[in-house]
Protein chains: 2
Amino acid sequence: MTKLQDMSRSQLRQREEALVQSHAALRGRNRTIDMTRGKPSAAQLDLSNGLFNMVTEADYLGADDEDYRNYGVQSGIPEAKTFFAECLDVPAESIFIGGNSSLQLMYDALARALLFGVPGGDGPWREASFICPVPGYDRHFTVCETLGIKMISVDLLDDGPDMDAVEALVANDPAIKGIWCVPKYSNPNGIVYLSDVTRRLAAMTTAAPDFRIIWDNAYAFHHFEGELAQIDNILDVAAQTGNPDRPLMFASTSKVTFPGAGIAVIAASDANMADIVAHTAVATIGHDKLNQLRHERFFGNRRGLHEHMAKHADLLRPKFAAVNDALEKSFAGKGLAQWNAPKGGYFVTVDLPDGCAMETIRLAAEAGLKLTPAGCCHPYGRDPQDRTLRLAPTYPTQREVEQAMDIFCVSAELVSVRKLLSEH
Amino acid sequence: MTKLQDMSRSQLRQREEALVQSHAALRGRNRTIDMTRGKPSAAQLDLSNGLFNMVTEADYLGADDEDYRNYGVQSGIPEAKTFFAECLDVPAESIFIGGNSSLQLMYDALARALLFGVPGGDGPWREASFICPVPGYDRHFTVCETLGIKMISVDLLDDGPDMDAVEALVANDPAIKGIWCVPKYSNPNGIVYLSDVTRRLAAMTTAAPDFRIIWDNAYAFHHFEGELAQIDNILDVAAQTGNPDRPLMFASTSKVTFPGAGIAVIAASDANMADIVAHTAVATIGHDKLNQLRHERFFGNRRGLHEHMAKHADLLRPKFAAVNDALEKSFAGKGLAQWNAPKGGYFVTVDLPDGCAMETIRLAAEAGLKLTPAGCCHPYGRDPQDRTLRLAPTYPTQREVEQAMDIFCVSAELVSVRKLLSEH
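Residues numbered from 1 in each chain as written. Chains lettered and ligands numbered in written order. Predicted model: local features only at pLDDT ≥ 70, side-chain atom pairs only at ≥ 80, totals over all residues.

Undergrad: It is not clear to me how the relation of the copies chain A and chain B should be interpreted in this structure. Could you clarify?
TA: A rotation about some axis, followed by a shift along it, carries one copy of the chain onto the other. Its rotation angle being 180°, the transformation that places chain A on chain B also includes 0.0 Å of axial translation and leaves an RMSD of 0.0 Å. The transformation relating the two chain copies, once decomposed into turn and shift, fits a two-fold axis. (Least-squares fit on C-alpha atoms with pLDDT ≥ 70 in both.)

Undergrad: Teacher, can you tell me more about the sheet that holds strand S2 (residues 95–97) of chain B here?
TA: Sheets are built from strands that pair by backbone hydrogen bonding, the pairs being arranged parallel or antiparallel. Residues and elements named next belong to chain B. The eight strands lie next to each other as S2-S9-S8-S7-S6-S3-S4-S5, forming an open sheet whose pairing is mixed. Pairing within the sheet leaves two strands with one partner each, and these edge strands are S2 and strand S5 (160–161). Against the sheet, helix H4 (residues 102–116) makes contact with strand S7 (212–216), strand S8 (247–252) and strand S9 (264–267), and its axis sits at roughly 155° relative to S8, the strand it touches most. (Pairing = 2+ DSSP bridges. Helix = DSSP H or I, 4+ residues; strand = E, 2+ residues; numbered from the N terminus. Contact = placed C-beta atoms within 7 Å. Axes fitted to C-alpha atoms, helices over the stretch in contact; angles between N-to-C directions.)

Undergrad: Looking at this model, I keep getting lost on the pairing of strand S3 (residues 129–134) of chain A. Mind explaining?
TA: Across a regular strand the side chains alternate sides, sitting on one face of the sheet and then on the other. Residue and element names in this part refer to chain A. Within S3, six of the six residues are buried, which leaves the element mostly enclosed by the surrounding structure. Burial along S3 is two-sided: the residues Ser 129, Ile 131 and Pro 133 and Phe 130, Cys 132 and Val 134 are all buried. Of the pairings in the sheet, the one linking S3 to strand S4 (residues 150–157) comprises six bridges and is parallel in character. If you follow Pro 133 over to S4, its bridge partner there is Val 154. Once the chain exits S3 it traverses helix H5 (residues 138–147) before rejoining the sheet at S4, and the crossover so formed is right-handed. (Buried ≥ 20, exposed ≤ 12 C-beta atoms within 10 Å, placed from the backbone. Right-handed = clockwise from strand over helix to strand, strands pointing away.)

Undergrad: Which parts of the structure should I look at to understand the packing of H4 of chain B against helix H5 (residues 138–147) of chain B?
TA: Packed helices, taken two at a time, are described by the angle between their axes plus the distance between the axes. Residue and element names in this part refer to chain B. For the pair H4 and H5, interaxial distance at closest approach is 11 Å and the crossing angle is 25°. Regarding the angle of H4 to H5, the classification is roughly parallel. Taken as a pair, H4 and H5 cross one another with a handedness that is right-handed. Packed against H4, whose contacting residues are Leu 103, Met 106, Tyr 107, Leu 110, Ala 111 and Leu 114, the element H5 presents Arg 139, Val 143 and Leu 147 at the interface. Each residue belonging to the contact of H4 with H5 can be placed in one class, and the counts come to eight nonpolar, no polar and one charged. (Parallel < 35°, antiparallel > 145°, perpendicular 65-115°, else oblique. Left-handed = near helix turned anticlockwise from the far one by under 90°. Nonpolar A, V, L, I, M, F, W, Y, C, P; charged D, E, K, R; others polar.)

Undergrad: Please clarify how the interface of chain A and chain B should be interpreted in this entry.
TA: By a widely used convention, the size of an interface equals the accessible area lost when the partners come together. Between chain A and chain B, the contact holds 40 residues from the first and 40 residues from the second. Listed by contribution, the elements that provide at least two residues to the side of chain A that touches chain B are helix H2 (42–46), helix H4 (102–116), H5, helix H9 (270–283) and helix H10 (289–299) of chain A. Among the elements that make up the side of chain A that touches chain B, the one with the highest residue count is H4 of chain A (six residues).

Undergrad: Looking at this model, I keep getting lost on the sheet that holds strand S5 (residues 160–161) of chain A. Mind explaining?
TA: As summarised here, the arrangement of the eight strands in space is S2-S9-S8-S7-S6-S3-S4-S5 (chain A), forming an open sheet in which the pairing is mixed. Pairing within the sheet leaves two strands with one partner each, and these edge strands are strand S2 (95–97) and S5 of chain A.

Undergrad: It is not clear to me how the environment of Val 401 of chain B should be interpreted in this structure. Could you clarify?
TA: All names here are of chain B. Tracing the chain through its elements places Val 401 in helix H13 (residues 398–423). With 26 C-beta atoms packed within 10 Å, Val 401 lands in the buried category. Between the alpha carbons of Val 401 and Leu 369 there is a distance of 10.0 Å; along the sequence they are 32 residues apart. Ignoring anything within four residues of it in the chain, the contact list for Val 401 reads Lys 319, Ala 322, Val 323, Pro 393 and Pro 396.

Limitation: the analysis is restricted to geometry and does not speak to function.
Structure, rendered in structure tokens:
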């Protein structure tokens with residue numbers, strides 16, 4: 001295969017013409033496929049339909065005959081705490097159970113930091129900055145942007161954030177109050193943090209005494225290839241290195257059961273937990289305990305959860321394989337695109353030649369494929385090289401994923417060829 | 001009946017002795033009754049057990065075949081908006097549906113005002129004050145205290161807040177950013193706002209351009225005597241008087257279905273709704289749509305809601321009657337206590353002679369009756385006259401309410417008699 005870069009101008013013209021025809025043919029099929037968001041498919045949701053029957057009018061009492069229909073049990077029911085404690089390998093007393101959204105828990109944690117400060121600090125955060133490993137999760141970045149927290153990009157490498165860069169930044173600037181981390185099957189590029197990275201994050205010297213690691217373990221159980229990746233327990237490592245209050249761990253069942261009706265949790269140190277409970281108790285008498293009970297009964301224990309996730313994996317594996325196969329077929333050896341082949345999580349990222357992302361999205365949209373906007377993986381939605389794209393293959397059907405990849409690959413190659421032509 | 005104030009010292013001594021004996025006898029029964037909070041009883045919750053069967057694996061799709069198990073529909077499902085719009089007499093597009101707690105919605109609304117400001121203002125609220133009609137709801141006051149919003153007490157009269165006082169305050173102080181209102185069957189004294197009060201609140205001149213009425217219509221449907229009280233629609237009146245963005249209306253099904261697993265809503269003007277949606281969309285992809293659907297199906301429409309509330313009323317009527325009967329029997333004509341006989345809501349307040357509330361609570365606790373702490377109806381938990389008590393008779397059984405009132409009346413009279421003796 002000739003690398004595009006090695007093609008002559010006339011070869012490139014020929015290739016462009018062929019791709020234009022392919023694109024026109026795809027456009028003519030009037031498809032509408034949405035690959036914008038990390039949404040489970042209906043088939044995945046069906047795996048959790050048992051939830052509907054887990055709590056009935058004959059059986060809504062919890063431990064100690066507590067009536068879970070009524071007010072109270074503010075920080076979460078003990079059954080659900082025990083379940084999440086086992087799954088996340090933390091003590092049950094380190095768990096707070098919220099509503100259906102871990103994003104909401106993260107947003108609230110940062111909003112509280114701005115209003116009140118956090119344990120170990122000297123009051124409300126002002127002029128705060130956050131380190132944002134890039135590529136990252138757009139909703140994390142939007143939370144910072146909305147709250148006026150300045151974002152500082154560092155590279156997300158194959159084993160976690162570029163720790164040399166992170167350590168240099170946090171050592172000197174007390175305004176840097178935290179870092180976003182998706183430590184397992186990272187959104188969007190699927191990498192897994194190595195122990196050394198986790199240890200350095202926990203142990204590093206920070207100019208801010210109240211630095212926080214937002215440890216968004218959104219894909220803690222979400223593998224579809226090989227064994228479930230293991231990451232170090234940030235709460236343990238932070239405690240061992242003398243910084244017990246630094247991490248806030250988040251997880252949820254959003255992509256385990258029902259995204260719209262799941263359970264989100266925080267795990268944190270005693271001091272953080274006391275702070276969280278004290279503040280949230282002012283705002284609510286407790287989250288939905290019946291839904292917590294549904295979840296605990298549905299899984300029973302960690303083993304039940306992992307068996308359930310294996311069924312998700314069976315549905316996701318062929319979709320991610322289709323993405324990778326299409327990328328291999330279209331781009332292998334062409335020196336054009338780089339992409340990851342994740343073993344878990346919800347996304348594939350593709351890096352095209354500089355300046356090609358937005359135009360690829362435009363052409364894909366013309367042919368009926370909706371992609372996440374360019375820049376979504378960067379703070380402020382700005383990809384300075386305009387090259388990174390995020391593919392979310394979980395929601396469409398298998399056939400749609402294959403069709404989507406036809407559109408994507410033709411669009412991306414066409415844009416890349418035109419770029420090369422413009423540079424010739 | 002001789003008024004206590006007219007008794008001689010020896011008559012008072014005799015009465016004290018009798019009450020001490022009664023109190024000792026009650027104490028000897030080792031009862032444990034909790035009248036601290038406005039919690040529905042188990043029998044009330046049973047009325048809503050139909051909710052458990054409203055959404056099944058065969059039937060979870062909403063309007064337009066939207067899969068309510070998945071992400072999305074951030075501001076609430078259209079079915080539930082239509083239902084609440086009918087019940088609250090507002091347009092469906094003025095409704096935002098949250099999680100299970102209207103307190104959370106109110107807390108978040110004020111927290112956002114501190115962080116971002118509100119439509120019509122010039123940025124984040126700083127050094128803000130709130131008017132707090134007294135007696136009021138302790139959790140409202142705790143929200144203000146936690147958020148650093150200074151509280152200014154005004155009297156809650158029989159038809160609403162003392163509007164002469166309110167108007168004088170808000171006209172001159174731009175730091176006064178809002179007022180708490182529980183306009184129907186007010187917590188804690190059950191009064192209902194008259195139209196004239198509502199109109200004055202909506203129309204009054206405020207030095208703050210971004211003044212907000214927190215219209216906590218928590219007991220919108222909650223009557224147990226006579227016809228449901230009618231209050232004016234604050235959104236309509238505010239729009240008519242040129243202040244459409246002033247009110248934020250809150251309601252919930254916490255005391256309609258399950259307090260732990262209900263639905264909370266905000267109703268507000270277009271500008272406020274746009275602001276609410278824009279901010280909450282950063283924090284969550286949406287609240288629990290399955291639970292919204294459960295509720296909409298369970299009630300069907302406003303009529304279904306009112307028929308349901310009539311069943312609550314049948315359970316609550318005898319409890320409130322027992323409270324009133326006991327108070328009448330013990331205190332009528334003695335010039336000792338004043339209390340209200342509400343026709344809806346969840347509470348009765350009793351005003352004792354100055355300086356008698358805390359000691360009454362202590363004596364009641366000795367005899368096994370737990371009451372809300374003294375000062376609960378006042379900002380900062382401080383009742384300057386130490387005289388107002390809140391009784392919450394909904395949660396205990398009928399028999400427990402009767403027993404509780406024995407304890408309460410003996411304790412209150414004993415404390416009052418001793419107060420008179422100390423002044424003789």
